[in-house]
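Structural overview
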Amino acid sequence: MAEAADFRGTSASPARRWLRRTGALLTGAPLLAGLLQLPAATPADAAVPESPQAAGKGSVSVAVDSLSPSAPSEGDTVTVSGTVTNNGRQTVTGAHVDLQVGPPLDTRSAIDTLAKKSDDLQGPTGEKVGGKYTEKFSALTPGVAEPFSISVPADKLDLGRDGVYQLAVALSGETAAQPWDKVLGVQRTFLPWQPEETDTKTKTTFLWPLVSSAHMAAETGSNEQQTPVFRDDELADEIAPGGRLDQMVSLGKGLDVTWVIDPDLLASVDAMTGSYEVRGADGTTTPGKNQEVAKHWLAELQQAVTGEEVTALPFGDPDLASLAHNGTSVTGSLNHLKEATDVADDTVETILHVKPSTDFAWPVDGAVDPSIVKVATSAGADKVLTRGDSLQDNLSYTPSAARPIGGGTTAVVADSRMSTAFQGDLTKASASTLAVQRFLAQSLTLGLQTGKQRSVVVAPQRMPSVSQAQAMAEAVGALQVGTWSEPQDLTAAAKAKPDPSANTKVPSAYPPALRKQELQRAAFEQIARTQAKLDKFKVILTRQARVVTPFGRAMNREMSTSWRGRGVAAAGYRYGIESYLNGLIDGVKLIQKTETKLSGRSATIPVTVQNNLVQGVDHLELRLTSKNPTRLKIGGDAYEEQPVTVNGGHAQSVKFTTSANANGRAEVVAQLYTQDGQRYGDPVTFDVRVTEVTPTVMLVIGGGVLLLVLAGFRMYTHRKRAAARGAAEDETTEADDQVDGPQERDGAPQNPDTTGTRPKEETEAGARADTPEQPSDPAPDTAAESADPSGPGERVDR
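On to the overall build of the protein. On a plain count of helices and strands, the protein comes out with 20 helices and 32 strands. Buried residues in the protein amount to 43% of all 798 residues. Restricting to contacts in the protein with at least 6 residues of sequence separation, those with at least 24 account for 77%. Accessible surface computed for the protein: about 39,800 Å², of which carbon and sulfur atoms make up 52%.

It is worth spelling out the sheet that holds strand β22 (residues 588-590) at this point. Taken together, the four strands give an open sheet; going across it, the order is β22-β24-β28-β26, and neighbouring strands pair in antiparallel fashion. With partners counted over all chains shown, the strands left at the sheet margins are β22 and β26 (632-634), one partner each. Across the sheet, the mean angle from the axis of one strand to that of its neighbour is 35°, orientation sign disregarded. Pairing between β22 and strand β24 (residues 602-611): three bridges, direction antiparallel. Across the sheet, residue Leu 590 finds its bridge partner in β24, namely Val 609.

All right, on to helix α12 (residues 429-447) then. For α12, with 19 residues, the first-to-last C-alpha span of 27 Å sits near the 27 Å given by 1.5 Å per residue. Buried residues dominate α12, accounting for 14 of its 19 residues.

Bringing the packing of aromatic side chains into the picture now. Summed over all chains, the structure comprises six aromatic pairs. Judged by centre distance (5.3 Å) and plane angle (40°), the ring pair of Trp 563 and Tyr 573 falls under tilted. Of the two residues, Trp 563 is situated in the loop between α17 (545-558) and α18 (567-585) and Tyr 573 in helix α18; the sequence distance between them amounts to ten residues. Both residues of the pair, Trp 563 and Tyr 573, belong to the buried class. Among the aromatic residues, those joined into a cluster by ring pairs are Phe 206, Trp 208, Phe 422 and Phe 439. Here the guanidinium or amino end of Arg 462 rests over the ring plane of Trp 362, the centre of that ring lying 4.3 Å away. Lying over the aromatic face of Phe 686, Lys 593 brings its terminal NZ or CZ to 5.4 Å of the ring centre.

Structurally, Thr 125 is set in the loop between α3 (108-116) and β4 (127-128). A distance of 2.3 Å separates a polar atom in the side chain of Thr 125 from a polar atom in the side chain of Gln 100.

Turning our attention to the packing of helix α16 (residues 521-538) against α18. Axis separation between α16 and α18 bottoms out at 10 Å; the angle between their running directions is 20°. Taken together, the axes of α16 and α18 lie roughly parallel to each other. Read as a crossing pair, α16 and α18 show a hand that is left-handed. Residues Ala 523, Gln 526, Ile 527, Arg 529, Thr 530, Lys 533, Leu 534 and Phe 537 of α16 form the contact with α18, whose participating residues are Arg 574, Tyr 575, Ile 577, Glu 578, Leu 581, Asn 582, Leu 584 and Ile 585.

The rules behind the values
- Residues numbered from 1 in each chain as written.
- Predicted model: local features only at pLDDT ≥ 70, side-chain atom pairs only at ≥ 80, totals over all residues.
- Heavy atoms only, no water.
- Helix = DSSP H or I, 4+ residues; strand = E, 2+ residues; numbered from the N terminus.
- Buried < 20%, exposed > 50% of the residue type's maximum accessible area, 1.4 Å probe, protein only.
- Contact = heavy atoms within 4.5 Å.
- Areas by Shrake-Rupley, 256 points an atom, 1.4 Å probe, with all protein chains shown as cover.
- Pairing = 2+ DSSP bridges.
- Axes fitted to C-alpha atoms, helices over the stretch in contact; angles between N-to-C directions.
- Expected span 1.5 Å × (residues − 1).
- Phe/Tyr/Trp six-rings, centres within 6.5 Å; stacked < 30°, edge-to-face > 60°.
- Lys NZ or Arg CZ within 6 Å of the ring centre and 35° of its normal.
- Polar contact = N/O pair within 3.5 Å; in protein donor to acceptor, adjacent residues only side chain to side chain.
- Parallel < 35°, antiparallel > 145°, perpendicular 65-115°, else oblique.
- Left-handed = near helix turned anticlockwise from the far one by under 90°.

Here it is, written out as structure tokens:
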């Protein structure tokens with residue numbers, strides 16, 4: 001009777017459940033009668049019910065950590081391992097783990113539905129394998145995880161036709177509150193089953209992306225090697241053993257995948273193989289120490305891509321959607337995309353020694369609209385990687401990836417279900433296993449849809465985590481040994497014959513969630529402003545490549561898709577690039593001047609140009625302009641220009657000839673210009689004070705000097721005449737004394753006739769020596785000259 005009551009898809013027969021419940025009621029009747037005689041229990045004394053579980057989930061969680069093989073064939077033994085954890089408050093007794101196989105899932109949407117309710121108790125679990133293929137536990141203590149592992153031959157699973165089967169792992173048992181056997185937890189997964197190979201294998205292209213965020217700045221060392229400067233040391237962590245990019249290379253090696261590589265990543269790691277600097281949070285730089293790590297990673301990558309197809313993205317992986325929606329109206333933005341595409345080929349070939357394909361454009365998440373397609377193809381790409389949830393088809397099957405969308409452009413439509421299978425947190429083994437089995441299930445179901453061979457492309461997220469990469473590698477490995485798929489390069493997938501029923505109309509709408517993450521117009525305006533400054537700056541450099549190349553690559557990085565959702569970090573990176581360029585531009589400048597004094601009709605004014613750069617500057621013109629040319633002319637006109645050449649780390653003085661026409665202050669402006677007439681740097685303004693002597697002033701001064709000379713001469717002659725008059729007075733006085741009578745000398749009379757008189761010249765000399773000058777004395781009171789004849793010996797003036 002009990003066997004007759006067992007139904008497929010139930011955990012226990014209704015008959016068994018009825019017998020258990022009846023027995024429990026009969027056994028508990030006396031106890032119930034006694035309880036009825038007791039006082040009613042207060043809420044505090046009442047029994048605590050089991051904690052409610054999330055809707056549809058049981059009190060025991062079941063985690064399937066591994067399923068091997070992922071896609072079994074005849075003769076294989078399927079091993080399912082994992083853990084069961086009692087999340088309830090009561091101990092589970094009589095617990096046992098069973099495998100249950102459900103019917104095939106014939107549609108891809110049915111797989112999606114089951115994946116969303118993989119642990120729902122209310123859904124069907126399938127037919128129990130039973131027998132010895134079960135694992136029992138005497139008790140499951142609350143909060144304790146218990147491992148399990150069940151191995152069963154594939155032929156015991158009772159799998160029929162080819163397809164995807166639901167495989168449920170169920171934990172059943174009893175609790176004190178529910179003392180009968182029931183399913184307390186379940187985890188469903190997928191079991192692809194196609195033991196025989198088919199002639200119409202699906203051609204699958206799996207993209208293996210090597211992309212990172214921007215790590216290098218535009219700054220380089222001043223030495224000849226231009227030592228690169230990194231913004232941080234995070235790239236070293238990614239390529240170090242166990243790091244994300246190290247795992248991507250290690251896991252991808254040996255897989256039949258198409259490597260999709262950002263050349264910026266290669267260039268950055270290649271720069272780390274030599275001397276490099278790392279800027280810390282405090283702004284200082286320290287020498288990098290991961291040269292060997294970088295060399296090892298590049299060597300491993302070179303081996304991994306040998307013989308495999310490599311597709312190069314534009315340098316820096318520019319955000320095509322942001323550029324299309326917010327950047328095309330900003331002058332020069334498309335030029336950056338063209339430059340990023342042009343350098344991609346050489347970068348990859350130089351470092352990896354393989355010739356990459358540069359024909360593919362890959363917008364974020366494969367979302368496209370007409371403007372994105374137009375921008376994507378403007379740089380030379382004629383194939384656009386999109387996704388099925390963007391370029392949707394209204395078909396009962398999945399068509400091949402390639403389809404023409406007009407203008408000679410091919411849209412390569414990646415399968416959305418398979419491409420998004422490895423998103424989310426896959427750090428838990430159970431989540432990773434479910435992702436792998438779901439991916440394989442979608443692949444097999446797709447292949448069984450029409451019985452015709454098709455080409456399918458899988459484009460996962462750009463920067464998978466380590467756990468996501470591990471799940472991807474496991475899935476690709478299982479697909480390669482499977483019986484329904486074969487690998488294909490991306491180029492071959494793009495050339496496959498398109499399905500005439502497939503949609504070729506590009507959607508006009510773009511997902512709002514993705515649009516919120518885009519770089520805004522202000523970002524492209526800042527990039528354009530930086531480029532304009534670079535264009536003006538480079539023309540004066542004697543070695544332009546030392547500046548143009550690092551700044552050009554930095555501006556490519558400013559447009560990277562890695563800035564999505566990181567607006568603050570993106571703005572900080574752009575500001576750092578522009579600020580560094582401003583510092584270099586300011587390295588060539590005019591030295592400030594104070595007021596200059598100018599005397600005389602003409603003079604020279606020196607103006608000094610300082611070059612703080614390592615390299616020399618040329619092709620500069622220094623213009624000195626007078627704001628008041630009527631007072632001060634420069635070079636015979638209002639201004640004069642002279643060429644300027646200054647070696648690195650030196651200063652050069654340029655001299656200008658000036659001519660003054662009037663006294664006073666004149667404002668003068670010095671300004672550097674490039675040879676095409678563009679202003680360079682800030683002007684220097686200073687005053688020139690003119691103290692020049694004009695002809696009129698010279699006449700006035702000459703007249704004054706002449707007057708002074710004449711006045712001096714008049715005073716001299718006047719004094720000379722006064723001296724002469726004084727001498728005449730002395731002679732007159734002496735003559736008077738002689739007329740009055742002889743004078744005694746020592747008591748003896750003197751005979752004037754025998755005494756010699758002093759000559760007139762001596763008398764006058766003595767008078768001049770003894771008599772002070774009296775230029776203002778009145779006319780001399782002098783007696784008339786004696787008319788007597790001269791005595792003997794007296795000199796007579798004639």
